[in-house]
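# What the coordinates show
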Amino acid sequence: MTSRTLRAFLACVACASLAGCAIKTYKPIEFGSTEKPAEEASPLGGASLDQRRENMTRMYKDLVHFRTSLDDAEQRGDRTTAVALGYFVDAYIGMHLDPMLAGEWQSRHPELWGMDADLRLAKAEVLVHMHERGRANDVLDELGSRYAGREDMLVHYPIGSQSPLGKAVSLIRAGD
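As the structure is a prediction and not an experimental result, all values here were calculated from the model.

### Let's talk about the packing of helix α2 (residues 46–76) against helix α3 (residues 79–101)
Between α2 and α3, whose axes approach to 10 Å, the crossing angle comes to 165 degrees. Put simply, α2 runs roughly antiparallel to α3. Both α2 and α3 take part in a crossing whose hand is left-handed. In contact with R52, N55, M56, R58, M59, D62, L63, F66, S69, L70, A73 and R76 of α2, α3 contributes T81, A82, L85, G86, F88, V89, Y92, H96, L97 and M100. In terms of residue class, the contact of α2 with α3 is built from 13 nonpolar, five polar and four charged.

And the structure:
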C-alpha cells in the first residue's frame, strides 16, 4: 500500500467515524396504542371519577412544566433543546392528552368541566410556545364551542391566578 493510498484510506475512516458522531434530530418513534378503551369513552363515577380527576391534574401539571421548559429554552436561545422538547411534548399530547380530552362528557360533568377547560387552555398555551399558533387556535375554537354560554366560569389562567374563561381565551389569542 502506498503512502498516498494509506492517507486516503485513513481520511475515509476519519470521515466515517465523524459522521457516526453527528447529532441526529428526528421525531420520536410512536409507541403504544392510541385506541381508547371503552371506559374512557363513557362518563365515570366514584373511584373512576377520582382517578380521572387525578390524571387530569397530573397532565395539567405536566403541561405547566413543559411550558416553563419551552420558555426557558427559548430565553436561552437553545434552539436544539426547544426543537427536541417540542417533539416530545407533541408526542405526549398526541398519545396521552388528546385521547383523554376526546370525550364530550367531561366538558359537561360538573366535577370535571373546570379541569377540562384548564387542560385545554394549558394545551393551547403550550402550542403557542411551540410556535403552533394554528393548532392553538383550533383548541381555543373547540373550547369556545364546548363551553358556549359558560364564558364567565373561572379557570386557572394565567397560570397561578384565575380569570373568566372568555378572558383567558382572549389573552391566549392575543399572545399574552
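### What to know about the pattern of salt bridges
Under the counting rule described, the total for this entry stands at 13 salt bridges. One salt bridge connects E111 with R53, and the closest N-O pair in it is separated by 2.6 Å. Taken together, the residues E111 in the loop between α4 (105–108) and α5 (113–129) and R53 in helix α2 connect sequence positions 58 residues apart. Taking relative accessible area as the criterion, E111 reaches 48% and is therefore assigned partly exposed. Linking R76 and D78 is a salt bridge whose minimum nitrogen-to-oxygen distance equals 3.5 Å. Overall, the relative accessible area of 54% leaves R76 in the exposed class. Sharing partners across several salt bridges, the network here consists of E104, R108, D116, R120, E142 and R146.

### Comments concerning helix α6 (residues 133–146)
Three or four residues apart is the spacing at which side chains of an α-helix point the same way, because the helix has 3.6 residues per turn. Compared with an ideal rise of 1.5 Å per residue, which puts 14 residues at 20 Å, α6 spans 20 Å between its outermost C-alpha atoms and is within 8% of the ideal. Looking only at α6, the buried set comprises A136, V139, L140, L143 and R146. Take α6 and look down its axis: the buried residues cluster within an arc of 125 degrees, on one side only. In this structure, α6 carries D138 and S145 as exposed residues pointing more than 90 degrees from its buried face.

### Looking at the confidence of the model for the protein chain
The predicted model of the protein chain averages 82 in pLDDT, with 74% of residues at 70 or higher. The least confident element of the protein chain, judged by mean pLDDT, is helix α1 (residues 3–21) at 56; the most confident is α3 at 95. Segment residues 23–27 is flagged for pLDDT under 50; beyond a separation of four residues in sequence, or across chains, it makes two contacts in the model. Low pLDDT, under 50, characterises residues 35–40; the predicted model gives this stretch seven contacts beyond four residues in sequence or across chains.

### A few points about the nonpolar core
In terms of nonpolar packing, the biggest core is built from 38 residues, with L119, L121, L143, V155 and L165 touching the most fellow members. Of all the elements in the fold, those that place two or more residues in this core are α2, α3, α5, α6 and α7 (165–174). In this view, L119 contacts M56, M59, Y60, L63, L97 and L101; residues no more than four positions away in its chain are not counted.

### Some details on α5
Between the first and last C-alpha of α5 there are 24 Å, a value that for 17 residues agrees with the 24 Å anticipated at 1.5 Å per step. Taken across its 17 residues, α5 has 13 buried, putting it largely inside the fold. A positive backbone phi angle near 65 degrees is found at H131, which sits one or two residues after α5.

Rules and cut-offs
- Within each chain, residues carry numbers counting from 1 in the order of the written sequence.
- Two thresholds apply to this predicted model, a pLDDT of at least 70 for residue-level local features and 80 or more for giving and counting side-chain atom pairs, whereas whole-chain, interface and lining totals are computed over all residues.
- Water and hydrogen atoms play no part in the side-chain values, which are based on all heavy atoms of the structure.
- Between N-to-C directions, angles span 0 to 180 degrees; the directions come from axes that are lines fitted to C-alpha atoms, helices contributing only their stretch in contact.
- In this description a helix means any DSSP run of H or I spanning at least four residues, a strand means any run of E spanning at least two, and both kinds are numbered starting from the N terminus.
- Note that the term roughly parallel is reserved for angles under 35 degrees, roughly antiparallel for angles over 145, roughly perpendicular for angles of 65 to 115, and oblique for everything else.
- Note: crossing handedness is left-handed where the near helix turns anticlockwise from the far helix by less than a right angle, and right-handed where it turns clockwise.
- Whether two residues are in contact is decided by their heavy atoms: any pair within 4.5 Å suffices.
- Polar here means any residue outside two lists: the nonpolar Ala, Val, Leu, Ile, Met, Phe, Trp, Tyr, Cys and Pro, and the charged Asp, Glu, Lys and Arg; Gly therefore counts as polar.
- A pairing counts as a salt bridge when a side-chain nitrogen of Lys or Arg comes within 4 Å of a carboxyl oxygen of Asp or Glu.
- Each residue is assigned to one of three classes by its accessible area relative to the maximum for its type, calculated with a 1.4 Å probe on protein chains only: buried under 20%, partly exposed between the two thresholds, exposed over 50%.
- A helix is expected to span 1.5 Å for every residue after the first.
- Note that the arc is defined by the directions from the helix axis to the C-beta atoms.
- One confidence number per residue, pLDDT, is output by the predictor and ranges from 0 to 100.
- What we call a nonpolar core is a set of buried Ala, Val, Leu, Ile, Met, Phe, Trp, Tyr and Cys residues that are connected through their side-chain atoms within 4.5 Å.

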